[in-house]
Amino acid sequence: MTDREEAPSWVINPHVPSVARMYDYYLGGKDNFAADREAAEQVLAVMPYVRDFTRDNRAFLSRSVRLIADAGVRQFLDIGSGLPTRENVHQVAQQTAPDARVVYVDNDPIVLAHGRALLAENPLTTVVQADLRDPEGILDHPEVASRIDFGRPVALLLLAVLHFVADDAEAASIVARLRERLAPGSYLVISHGHAGRVSKADEISVTSTYKATKAGNLTPRTPGQISAYFDGLELLEPGLVPVEAWRPEYDLEPDWDRAGFLGAVGYLP
């Protein structure tokens, strides 16, 4: 994508970095502008392993979605979905269950445009432009309501998105309000940034870069803070761990000291 491509400035400002497009760049995608690449490279200069844990997060998504589909859930709500890439939720879920319904939610208009183009011929899947900070606006959105029956089990996915909500109480409130609509048998999947033992200077450098994005911030949280989002749910083994260590295909020791994503899957009995 070049800076001269795409929609009018009232829809997309190519000069302001987008966290969705930075994430796409980390994953090796091409749906990003020069401003996104410049911001991403500033982060990579401080934490060159960002690409690794970003890919680990996608693998965590695939493993958790596959497990939930195997358990019989046929509805998936992915909030903060980002730009389409390999092994998207609908691709993973519909491999197991061709009748699985998937709704992607993101506030980036490029995500909406690319997602709808990708999913034009998939009637069970759609993309909605909405904001995590308005949970009721998501849950009551007509396109969400047309595909998701909240009277039946739902997989609610919040991957690499809650750390863009700066206020701790607001982030907790968002999760609680979304959880209120979940029926017994539902699952909550969360991955969240944590700082590990990186130096304060490096943490400030990275968070400063994200302050210049449309999201406006990046707030890593502690394992205790992230675990609290699952209060009252049954945590599937191995609990909250670095995403690469959540039911990996091979044995490894989780690296709690490295900055990255922590992830877990909770079940609502």
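If you look the protein chain up in an unreviewed UniProt entry, it shows as SAM-dependent methyltransferase from Acrocarpospora phusangensis.

Let us look at the packing of aromatic side chains. Throughout the structure, instances matching the rule amount to 5 aromatic pairs. Centre to centre, the rings of Phe60 and Trp246 are 5.5 Å apart; their planes meet at 85°, and the pair counts as edge-to-face. Of this pair, Phe60 sits in helix H3 (residues 50-70) while Trp246 is found in the loop between strand E7 (241-242) and strand E8 (260-267), placing the two residues 186 residues apart along the sequence. The exposure class assigned to Phe60 is buried, which follows from its relative accessible area of 0%. Trp246 gets classed as buried once you look at its relative accessible area, which sits at 1%. Measuring from centroid to centroid gives 6.1 Å for Phe164 and Tyr210, while their planes differ by 40°, and the two rings are tilted. In this pair, Phe164 sits in the loop between strand E4 (155-159) and helix H8 (168-179) while Tyr210 sits in helix H9 (residues 200-211), placing the two residues 46 residues apart along the sequence. The residues Phe164 and Tyr210 share a single accessibility class, namely buried. Each residue in the set Tyr49, Phe53 and Phe261 is aromatic and connected to the rest through ring pairs, giving one cluster.

What follows deals with the pattern of salt bridges. Under the criterion given, the structure shown has 13 salt bridges. Ionic pairing is found between Glu136 and Arg177, a salt bridge with its closest N-O pair at 2.7 Å. Of this pair, Glu136 sits in helix H6 (residues 135-139) while Arg177 sits in helix H8, and the two are 41 residues apart along the sequence. Owing to a relative accessible area of 31%, Glu136 belongs among the partly exposed residues under this scheme. When salt bridges with common partners are traced through the structure, they connect Arg21, Asp36 and Asp108 into a single cluster.

Turning our attention to the environment of Pro248. When you line up the elements, Pro248 lands in the loop between E7 and E8. The spacing of Pro248 and Ala59 is 189 residues in sequence and 8.9 Å in space, taken between C-alpha atoms.

Their axes nearest at 9 Å, the elements helix H1 (residues 19-26) and helix H2 (residues 34-46) cross at an angle of 65°. Crossing of H1 over H2 shows right-handed handedness. Between H1, through Arg21, Met22, Tyr25 and Tyr26, and H2, the contact on the second element is made entirely by Asp36, Arg37, Ala39, Ala40, Glu41, Val43 and Leu44. Its residues placed into classes, the contact of H1 with H2 shows 7 nonpolar, no polar and 4 charged.

Rules of the game
All residue numbers here refer to positions counted from 1 along the written sequence of the relevant chain. Residues qualify for local features only when their pLDDT is at least 70, as the model is predicted, and side-chain atom pairs are given and counted only at 80 or more; totals for whole chains, interfaces and linings, by contrast, use all residues. Where side-chain values are given, they derive from all heavy atoms of the structure, hydrogens and water being excluded. Two rings from Phe, Tyr or Trp (for Trp, the six-membered ring) form a pair when their centres sit within 6.5 Å of each other. Planes less than 30 degrees apart are called stacked, planes more than 60 degrees apart edge-to-face, and all others tilted. Every helix listed is a DSSP run of H or I at least four residues long, and every strand listed is a run of E at least two residues long, numbered separately from the N terminus. A simple rule labels every residue: compare its accessible area, found with a 1.4 Å probe on the protein chains alone, to the largest value its type can have, and call it buried under 20%, exposed over 50%, or partly exposed in between. Salt-bridge detection follows one rule: a side-chain nitrogen of Lys or Arg within 4 Å of a carboxyl oxygen of Asp or Glu. A fitted line through C-alpha atoms represents every axis, and for helices the fit uses only the stretch in contact; the resulting angles, taken between N-to-C directions, go from 0 to 180 degrees. For any pair of crossing helices, the crossing counts as left-handed if the nearer helix is rotated counterclockwise from the farther one by less than a right angle, and right-handed if it is rotated clockwise. It only takes one pair of heavy atoms within 4.5 Å for two residues to be counted as in contact. For this scheme, ten residues count as nonpolar: Ala, Val, Leu, Ile, Met, Phe, Trp, Tyr, Cys and Pro. Four count as charged, namely Asp, Glu, Lys and Arg, and the remainder, Gly too, count as polar.

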